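Analysis of the macromolecular model
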Amino acid sequence: MKPILFRFLSIAIATALFIIPFFWLKPGEMDLGGDSGRLYFYDPVAYLRSTMLYGIIPSGVGGAALSYFAIPFVSLLAVLHFFINSPTVLISFVNGVKLSLAFFSFYLIVKELLILSLPSARNKGAADAAAMLAGLVYIFIPSSVGGGWDRALLTHNQIFINPLMFYLFLRYFVTDAMVYFYLALLVTFIFSLNFSIASSPGFFAFFPLSVAFLLILRKSIMKKSIPYKELFFGLIVFVLLQSFQILPHVLSLFSYGSGLNSLVFLDNSSSTLRAGLNYFESVASNIKLSLSLMNLPQGRYDDLLSLLYFVFPITVLLGYMRNKSKTYIYVGFFFLISMFFYTAKITDIGFAFYKALFRIPGFSMFRNFYGQWNYSFIFYYSLIVGFSFYALALTVSRRKIYVLIVAIATPMFFSAWPLVNGSIIRPIHHQSDNVPVAFQMDPSFQQVLRTSIPNQTSALLYLLLHDSI
Amino acid sequence: MKHQEKKTYLTKTKDIVLAHLHAYKQVVLTLIVLLVVADVLFLKESSDIRIFGILGIYIWGILMYKLHSNYTFFMGLLSLFLMYILFLITGTSPSTEKAAVWLFFFLGIGMIQRLKE
């Protein structure tokens, strides 16, 4: 197959991935609820006016809750809602963007890295095939499918922000064109939430590691100097762009009695450390390295189907036996680092070292390390599978490659199916009488909302809507 | 004089040991493989001293016999095979986990070797 056909195929897959979520919800349905409520999909403008613009929790005794970081994204939703005028379509649109952009960004990353590793890969269909496979692995492996699609929080946007930002930075390092740098900064502004205190675990799990990886590539593979001036300039612009949401947190930090102030300055440090470690140890007791190596969800695996997932580590090992590319080796090192942080339980010394890291201020944000390192781990896992597939595609017969494609596609089909058919976003409410999460807003309820709520800012009326209120 | 004799004796002994080690390369490497297999299959408790001890011997083997990185990746495949069998029989038992830890280390060592090659 010619490379140009592969490129068309990649665009076709991205388009299909964009369309698929439009079949998940029936007309009028919404998957509201969860930790964030997701009411910003129902009425983004009202959500902006009632919640985002005020630093007060609209319940209880009205504690401080600074959530300015979501203003740009919810504003974008408001603009989209103005044109689309349907929460169902808006939810589907956002899900479609997440899926297709995650796949396409990942495809571009792998292609770019393969070209960097071996320039002749530019015209090889195998490189495109490997990049597409890696992109599909990234969105369809069990850890990714089970990684937060059900009533997704806004932080779940990291599924496409991580590869998108990585690609933009990679292109910047390869071409030195500032346009990629500016695009990356624009992304950080629109999705400020993913660069805020609310997303700090996901941010610190992915970006420091990835920036280190890119800098090593720049120095070692591209043989170029590190553009310190531009990076420093970018950092300053990034801080300025984010100042609208960072400054209130800084003020809150130094306001006596605020939650953040108490957390940082008043809490007994040893008991805080102990609480973080206790949580970490309880999570770690259920984590298995063997499942991580096969990328199976911890604690939830079917014995017979699970055996199919051995194809991933086998592909990686065989790939390393056949390829000597330096980029491939660096990918491998970063894969192992992310796996260490994702699994924690690699020898007693490794576990003790991990626990010692909790003495670093702020590291306790990784107490639920398995969830917080998930997307970083998936990223390097998919990267290494893509590179391994390419290494094998170049060295073994075509028949064997077809066997390998079938061997990889079979387990991926089983893990992808709940996402493709939408059942992952339409689960049944726990302990309910078969009540699905996705529901249609009752018109009479909407009428109650329109007529019963007094038009006063001093009064609040609570109406049960979903599991979170 | 006595010191010189002792030194010559030690050098000779070292040469003999090294010659034997070189002559019995396959035996030594088989022993290392057996140590890994025994650690995974027969010893219930995980021990860092044992894991890093065997790894130390293996790294010494790499330096001594100038082993190619593919040999280490093959050791990784062996660990994966053990992990597969144990996963099939015992699920995520401590033995399966030990095989996974060996796979992790062989992958890491293999990559370092590959980088040097």
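Computed from a prediction, not measured in an experiment: that's the story for all the values here.

**Considering the pattern of salt bridges**
- Enumeration over the complete set of coordinates arrives at 11 salt bridges over all chains.
- The closest approach of N and O atoms between A:Arg38 and A:Asp31, which form a salt bridge, is 2.8 Å.
- B:Asp39 serves as the salt-bridge partner of B:Arg50, at 2.7 Å between the closest nitrogen and oxygen. Taken together, the positions of B:Arg50 in helix 3 (residues 48-65) and B:Asp39 in helix 2 (residues 25-41) put the pair 11 residues apart, joining distant regions of the chain.
- Three or more residues joined by partner-sharing salt bridges are found here, namely A:Arg7, A:Lys111 and A:Asp128.

**Some thoughts on helix 20 (residues 374-395) of chain A**
- Look at helix 20 of chain A: 32 Å from first C-alpha to last across 22 residues, which is about the 32 Å you get at 1.5 Å a residue.
- Taking burial as the measure, the 22 residues of helix 20 of chain A include 19 buried ones, the bulk of the element.

**Concerning the interface of chain B and chain A**
- Between chain B and chain A, the residue contacts involve 30 residues of the former and 35 residues of the latter.
- Around 2,900 Å² of area is buried between chain B and chain A when both sides are counted, 81% of it from carbon and sulfur atoms.
- Among the residues of chain B in contact with chain A, B:Phe87, B:Phe104 and B:Met111 are the three that bury the most area, contributing 24% of the side total.
- Counting across the interface, chain B meets chain A through seven residue pairs in polar contact (both at pLDDT 80 or more).
- Mapped onto the side of chain B that touches chain A, the elements with two or more residues apiece are helix 3, helix 4 (69-90) and helix 5 (94-116) of chain B.
- No other element matches the 13 residues that helix 5 of chain B contributes to the side of chain B that touches chain A.
- Taken together, the residues of the side of chain B that touches chain A sort by class into 19 nonpolar, eight polar and three charged.

**Some points on the UniProt feature "transmembrane region" (unreviewed entry) in chain B**
Residue and element names in this part refer to chain B.
- Taking the UniProt record as the reference, the feature "transmembrane region" (unreviewed entry) is found at residues 21-43, 49-65 and 72-93.
- Structurally, residues 21-43 comprises 87% helix and 0% strand, and the distance from its first C-alpha atom to its last is 27 Å.
- The distance separating the terminal C-alpha atoms of residues 49-65 is 24 Å; by composition the span is 100% helix and 0% strand.

**Section: the packing of helix 3 of chain B against helix 5 of chain B**
All names here are of chain B.
- Closest axis-to-axis distance for the helix 3/helix 5 pair is 12 Å, and the angle between their directions is 30°. Relative to helix 5, the element helix 3 lies roughly parallel. For the element pair helix 3 and helix 5, the recorded crossing hand is right-handed. Here Arg50, Ile51, Phe52, Ile54, Leu55, Tyr58, Ile59 and Ile62 of helix 3 lie close against helix 5, whose contacting residues are Lys98, Val101, Trp102, Phe105, Phe106, Ile109 and Gln113.
- Among the residues making up the contact of helix 3 with helix 5, the classes are represented as 12 nonpolar, one polar and two charged.

**So, unusual backbone geometry**
All names here are of chain A.
- Its identity is not glycine, yet Arg151 carries a phi of approximately 45°, on the positive side.
- Tracing the backbone shows Arg151 in the loop between helix 7 (142-145) and helix 8 (158-175).
- A positive phi angle, near 70°, is found at Ala344, a position not held by glycine.
- Note that Ala344 resides in the loop between helix 17 (326-343) and helix 18 (347-357).
- Ala344 sits in the buried class, given a relative accessible area of 0%.

So, how was this worked out
- Residues numbered from 1 in each chain as written.
- Chains lettered and ligands numbered in written order.
- Predicted model: local features only at pLDDT ≥ 70, side-chain atom pairs only at ≥ 80, totals over all residues.
- Heavy atoms only, no water.
- Salt bridge = Lys/Arg side-chain N within 4 Å of Asp/Glu carboxyl O.
- Helix = DSSP H or I, 4+ residues; strand = E, 2+ residues; numbered from the N terminus.
- Expected span 1.5 Å × (residues − 1).
- Buried < 20%, exposed > 50% of the residue type's maximum accessible area, 1.4 Å probe, protein only.
- Contact = heavy atoms within 4.5 Å.
- Buried area = accessible area lost by both parts, 1.4 Å probe.
- Polar contact = N/O pair within 3.5 Å; in protein donor to acceptor, adjacent residues only side chain to side chain.
- Nonpolar A, V, L, I, M, F, W, Y, C, P; charged D, E, K, R; others polar.
- UniProt positions renumbered as here; feature names shortened; annotations may be inferred.
- Axes fitted to C-alpha atoms, helices over the stretch in contact; angles between N-to-C directions.
- Parallel < 35°, antiparallel > 145°, perpendicular 65-115°, else oblique.
- Left-handed = near helix turned anticlockwise from the far one by under 90°.

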